[in-house]
Amino acid sequence: MARPIKETPILYGEEARKFETRMMNPEPVSREWLENMKRNYEFMRSRCVNCTF
């Protein structure tokens, strides 16, 4: 039987402000990294037997 999922911690104060700032301004991703991720995705998708994506 699976273990219960723990409650998500709540952020307060400076940690909350930093988190919100990072969520509103994500780090840019290089075109090379993005293309590599798409290539990996297509490779894994081609290996899937019963994909319904």
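Structure: above.
Being a predicted model, the structure only gives us computed values, none of them experimental.

(A) Up close: the overall build of the protein. A tally of regular secondary structure across the protein gives two helices and zero strands. Rg of the C-alpha trace for the protein: 18 Å, well past the compact-globule value of 10 Å for 53 residues, more than 25% over. Counting all 53 residues of the protein, 0% fall into the buried class. As displayed, the protein has an accessible area near 6,200 Å², and 57% of this comes from carbon and sulfur atoms. Within the protein, one finds 10 positive and 8 negative side-chain charges whose respective centroids are separated by 7 Å.

(B) View of the pattern of salt bridges. Counting across every chain of the model gives one salt bridge. Across the salt bridge formed by R17 and E14, the nearest N and O atoms sit 3.4 Å from each other. Taken together, the positions of R17 and E14, both in helix α1 (residues 13-24) and three residues apart, correspond to about one turn of that helix.

(C) Region of interest: a nonpolar patch on the surface. On the surface, V29, W33, L34 and M37 cluster together to form a nonpolar patch covering roughly 390 Å² of accessible area. Take M37: it is sitting in helix α2 (residues 31-47).

(D) Up close: the environment of M23. Its place among the elements puts M23 in helix α1. With a relative accessible area of 52%, M23 lands in the exposed category. For M23 and L11, which are twelve residues apart along the polypeptide, the C-alpha to C-alpha distance reads 14 Å.

What counts, and at which threshold
Starting afresh in each chain, residues are numbered from 1 along the sequence in its written order. Owing to the predicted nature of the model, reporting of local features is limited to residues with pLDDT of at least 70; listing and counting of side-chain atom pairs is limited to 80 or more, with chain, interface and lining totals taken over all residues. For side-chain calculations, the full set of non-hydrogen atoms in the structure is used, while hydrogens and water are omitted. Starting at the N terminus, helices and strands are each numbered in turn, a helix being any DSSP run of H or I of at least four residues and a strand any DSSP run of E of at least two. We compute the radius of gyration over the C-alpha atoms and compare it with the globule rule, which gives 2.2 Å times the number of residues raised to the power 0.38. Burial classes: relative accessible area under 20% of the type maximum marks a residue as buried, over 50% as exposed, and values in between as partly exposed (1.4 Å probe, protein chains only). Accessibility throughout is a Shrake-Rupley quantity obtained with a 1.4 Å probe, and a residue counts as covered only by protein chains that appear here. Residues counted as positive are Lys and Arg, residues counted as negative are Asp and Glu, and His and the chain ends are not counted. To locate a charge, take atom NZ for lysine, CZ for arginine, CG for aspartate or CD for glutamate. Throughout this description, the term salt bridge denotes a Lys or Arg side-chain nitrogen within 4 Å of a carboxyl oxygen of Asp or Glu. Candidate patch residues must exceed 30% relative accessible area and have no salt bridge, after which like charges are joined if within 9 Å and Val, Leu, Ile, Met, Phe, Trp or Tyr side chains if within 5 Å.

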